[in-house]
Amino acid sequence: MKSKIFLYLFIFTALFVLFQFMNAKKAKESYDAKIENLQERLKEQDSLKTVVIDSLVDINLDLTYFSLESNEDAASYFEEMGYDANKLALTISDKIISENKAGADNPIIPFVGMEGNMAINKVRLLNHRWIIADFTDGVYWGELFITYEVRKDGIIDFEVEKSFLYPRN
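Residues numbered from 1 in each chain as written. Predicted model: local features only at pLDDT ≥ 70, side-chain atom pairs only at ≥ 80, totals over all residues. Heavy atoms only, no water.

Draft legend 1. Structural view of the pairing of strand S2 (residues 130–136). By the alternation rule, side chains of S2 split into Ile131, Ala133 and Phe135, which are all buried, and Trp130, Ile132, Asp134 and Thr136, of which none is buried. Pairing of strand S1 (residues 119–125) with S2, which is carried by six bridges, proceeds in the antiparallel orientation. Pairing of Leu125 across the sheet is with Ile131, part of S2. Taken together, S1 and the strand that follows it, S2, pair antiparallel across an intervening segment of four residues. Taking the residues that link successive antiparallel strands as the turn, the S2-strand S3 (residues 141–150) hairpin has four residues, and the phi of Gly138 there is positive, at about 105°. (Buried < 20%, exposed > 50% of the residue type's maximum accessible area, 1.4 Å probe, protein only. Helix = DSSP H or I, 4+ residues; strand = E, 2+ residues; numbered from the N terminus. Pairing = 2+ DSSP bridges.)

Draft legend 2. Local environment of a nonpolar patch on the surface. A grouping of Leu7, Tyr8, Phe10, Ile11, Leu15, Leu18, Phe21 and Met22 is seen on the molecular surface, where their side chains present a nonpolar patch of about 890 Å² in accessible area. Its place among the elements puts Met22 in helix H1 (residues 2–63). Since its relative accessible area comes to 38%, Met22 is described here as partly exposed. (Patch = residues over 30% accessible without salt bridge, like charges linked within 9 Å, V, L, I, M, F, W, Y side chains within 5 Å. Areas by Shrake-Rupley, 256 points an atom, 1.4 Å probe, with all protein chains shown as cover. Salt bridge = Lys/Arg side-chain N within 4 Å of Asp/Glu carboxyl O.)

Draft legend 3. Geometry of the packing of aromatic side chains. This model, assessed by the stated rule, comprises seven aromatic pairs. Here the aromatic rings of Tyr77 and Phe78 are separated by 5.5 Å at their centres, their planes lie at 65°, and the arrangement is edge-to-face. Arranged with centres 5.9 Å apart and planes meeting at 20°, the rings of Phe111 and Phe135 form a pair that is stacked. On the criterion of sequence distance, the pair formed by Phe111 in the loop between helix H3 (85–97) and S1 and Phe135 in strand S2 is long-range, its members being 24 residues apart. (Phe/Tyr/Trp six-rings, centres within 6.5 Å; stacked < 30°, edge-to-face > 60°.)

So this is what it looks like as structure tokens:
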């Protein structure tokens, strides 16, 4: 009788171990499939991220094509004159924007403010001779094409070549 109990206990234990083994095997296969699926999705996201980053770099290069910072010839022109191109660009931008005065139109802008004072909002140096600027009086807005020259004595001369005012909608 005692041997039958041990036999039943052994069979029961063997079946239990077999059940646990099969269950663990199925769980492992399921986890491996999930891991593989997640790795594939991660690779897809990485490739998509690479494509997005590459396209953003291309867009950035296109946007900075006409700028003093990316124009090596214009920067070397100022360096030959003894100026740091980046510092000079900030100085020129500050000089144009500093012409904005409270209660008065910016003298660089060839339009009189109709709904307020005309002020320059943004300045972009294209190269060592040209500037594009955006201006507004709060309701009307426009853009300027300015030529400039940095003289040997450090004085900066500005001349508005073209300007336009957008029509009000």
